[in-house]
Structure formats: structure tokens, C-alpha cells
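# Geometric and topological summary
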Amino acid sequence: MTLTLAVETSSRVYGAALLDGDTVVARATADRSDPGFVDVGVLAGQVIRDAGRSVADLDRLAVDVGPGNLASVRAGIAYVNAVAFAREIPVVALDSLALLATQAGPGPVLVLRPAGGTAVYACLSGADGQVAVRHGEFDVVVKDLLGRLGDGTVGLAGARRGPAAALLAEHGVATRDTGLDAPDVDALTDRLRAGEHDPPVVSAAPLTESSVRFRGDGFTAAREALLDGGVALLPTDTVYGLAVHPRRPDAIDRLFALKDRPRTRNLPIMVATPDELPSLGVLVPESARRLLAAFSPGPLTVALGIDADRAPSWLAGRDEVGVRVPADPDLRALLADVGALLVTSANAHGEPTQQAPGPILDQLAGRPDAVVDGGVRSGEPSTVVNCHIRASGATGDMLDTPRIEREGVVPASEIERVLHQ
């Protein structure tokens, strides 16, 4: 039998349980606001002693990893990492969205967890067993999931249940409040017994808050695919894009093959923040600084010049590059992790850009290595402004003033206003 210590710390009440195979042999909880509470290690130690065992008997650890980046979750992760390192045993991770969905009963169930400010992580478990996950602003996420709701009453669990009920009521959706704020240790042990957890992580590579964000998060698979030289289909704040890592040249060939398009044009880049541009040798004149400050992150692409002496090898030979900072928070987090990506519209050559993964995949000449389903996008592209402006005394094929090359989400009048203010 495998002896597993499970630790649940995503709420005010911490829980720990010891499982011998599928059998819970000891269990305890403690309110972390209680003056007598010390830390999660004391609670776990009590459970191990109650079962007549010792830490040396443990074969595996399990812990809830969020999402939400809560201080209590970090405490649980830190404890199991320390034990895993000392004992050289693996850790398995379960996310609180999945735990709450299980605890809330049969679907449809909408689970929300805080993600900072007005943003949330969301998981919609349908009556048919299908699961949709989202991360973003509360109103946007809930409205986006409306289209996946069938008939009947929707259970609500986790954060912001009252506002979610009110918003869904505006659209004629009936709800029931499950009363669940966060999962408990019993939900964690139920999932463990069912084998529904992420693969074990050995102590040499301990869990972090970003190790597992939430089940179904395609960005995790996208990150691995991009770093391995694959092509990822990613949702932006406007349309879907096909992305590759610039330091994987073979991936660029594969991207153009998927689009069935000759490799005749250079690809634009996406970055997590405009602050990265100088390190890439990208020249940012004052006009571009004003536009980026006004509309980024957001649906604006700016064409900029390149300093060949400072640019990385993958920009070698290019005089100009289109740059965008997307508004989608998950995409920016990916960019912050792996660096700038080459991204182009996700459509076959000569075909219109579709707004959802299904129609896009039907168009492409093959399947990307990773697909992130972000639901239906707006379909309206970013506005493109060429700010590759001629420096004083310079010659060459450059502009004397910025030029709007494509009007998209950001109106031309707003571009002009910022440029001439």
C-alpha cells in the first residue's frame, strides 16, 4: 500500500489526512485564525502520530496548488516541498477549482476563485461532464461561459457567488448557492482515491505556484510545445494566433506549412511588456512610446525599426518588426515566462480568420502542437501603426511621420489624438 499525506490549505480551515492506499486512516483540521494554531506542519504531524506512523513511513505527498496564489496555499506548498526534499519522495498536485467542482455535486457547476483585483479563475463543469476553464475579468469570464450553460439550475461555488448569481439572473439563468467557499481535505482525498491528479513531481523539481495553475489550462501545454520547437494556437484579446518561439527556426517553417503559405513575409512579435523592446534592439521613437503607453496592453500593433548591432540573431537581416503587447493576462504571463514570440493570424493562406479553435483547425493544413481554447474571440484585428520613422539626417525607406496601415479595434481618430496631443 502507498502511504500518502494529503494537505489542504486553500481556505481558513486547514486540513490534513493520511491515506493507506485508498483508506483514510487519520484526519484532522485546524482554523488558522485560532490563537492556538501554529502551522501546517504541526497539523500534519498530529495526523501522522494519530495513525501511529512517522514521517519516515510516507511514500507520497499531495497538496492543493490553487489557483489564486493565496498565502495559505503557499504555506501548504512550502511544507510538502520541505518534506519531499528531506524524504526524497514525490508530490502530486490537485487544483482547488477541480476540488470545488467535485464537492459541489453534479453539474452544471460554476466555480470561481480570486485572481487579484476583479479577475477570477473559473471552471464550468457541465452536466455532460465537459469542463471549461477561464481566467480573466469577472464579468467577461461569466458572460463568456453563458453560451456553454444548458437548461436547468447552475450551482455556484467559491468566490463572488452573489455577484455571479445576479449576473446570470440578468440572462435568465437560475442558480443555487452551494455555500462552498473553498475545498476541504475530504474533497482532496476523494480526488486522490479517484486518481484524478497531476503527475507526481519528484523532490528534485519541487512544486511552485506556477507548476500547476488549473486543470485544463492549455497554456501549460503551449509553454512546453513552444520551448520544444512546436507551434501553438493561442487566443489573443482580438483573434487567434499561431505562435512559435523565435529561437526555434524549424518551428517557423512548420507554422507556414500549417497556413499553406509561402514564407515571403517576416512575422510580427508579441512581448509581455514594452520594456523588453530595447533589449531586442527594437527602436522606440517618442511617437511609439506615446501609443504604447496609451493602448498597450491592447489591440495595437506598432511597426518599429531595428538596431542591427543590438538585435538578437533571430532578428538579423530585418529592418523593421511589428510589435504587440496583448491584453490577455494569461498570454502575457506566457510571454513573461518564455520571452517574445513570433505570432501571426491563425488562418490558411487566402482564407478569413475564424473566431474559434474548431473552424480554425478545419482550415489549417495539419494540427498545431498545442491548442489553447479561449472561446470565441471578437474577430476584429488590432490596429497597425507604422512608427519606423526617419531619424534626423538619415536616408532609406522610412517614414517622415507615423502612418496608420490598418484600422482595427483602436479607431484611427484615437491614434491621431494621441500622436498630436
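Please refer to the structure higher up on the page.
Here we summarise the structure given alongside this text.

Conventions we followed
Residues numbered from 1 in each chain as written. Predicted model: local features only at pLDDT ≥ 70, side-chain atom pairs only at ≥ 80, totals over all residues. Heavy atoms only, no water. Pairing = 2+ DSSP bridges. Helix = DSSP H or I, 4+ residues; strand = E, 2+ residues; numbered from the N terminus. Axes fitted to C-alpha atoms, helices over the stretch in contact; angles between N-to-C directions. Contact = heavy atoms within 4.5 Å. Core = buried A, V, L, I, M, F, W, Y, C linked by side-chain atoms within 4.5 Å. Buried < 20%, exposed > 50% of the residue type's maximum accessible area, 1.4 Å probe, protein only.

So, about the sheet that holds strand β5 (residues 91-94). Across the sheet, which stays open at both edges, the five strands sit in the order β3-β2-β1-β4-β5 with mixed pairing between neighbours. Looking along the sheet, the strands with just one partner apiece sit at the ends: β3 (23-31) and β5. Between one strand axis and the next, the sheet turns through 15 degrees on average, direction left out of account. Across eight bridges, strand β2 (residues 13-20) lies against β3 in antiparallel orientation. Across the sheet, the residue bridging to D20 is T23, located in β3. Running over the sheet, helix α1 (residues 40-50) touches β1 (3-8), β2 and β3 and is turned about 35 degrees from β2.

The nine strands are arranged β17-β11-β12-β16-β13-β15-β14-β18-β19 in an open sheet whose pairing can be described as mixed. At either margin of the open sheet sits one strand with a lone partner, and together these are β17 (370-371) and β19 (403-406). Sheet topology places strand β12 (residues 240-244) next to strand β16 (residues 341-345); four bridges connect them, and they run antiparallel. Across the sheet, A243 pairs through a bridge with V343, a residue of β16. Together, β14 (300-305), β18 (383-386) and β19 form the strand contacts of helix α12 (residues 412-419), whose direction differs from that of β19 by roughly 155 degrees.

Moving on to the nonpolar core. Formed by 43 residues in total, the largest nonpolar core has its most connected members in L291 and L304. Among the elements of the structure, β12, α8 (249-259), α9 (286-295), β14, β15 (320-324), α11 (357-363) and α12 are those that each provide at least two residues to this core. It is α8 that contributes the most residues to this core, five residues altogether. If we ignore the near neighbours within four places in the chain, the residues touching L304 are L277, V282, L283, V284, P285, A288, D319, E320, V321, V323, C387 and H388. Grouped together as the second largest cluster of nonpolar side chains are 28 residues, A26, A28, A30 and L61 included.

What is shown is where atoms sit, not what they do.
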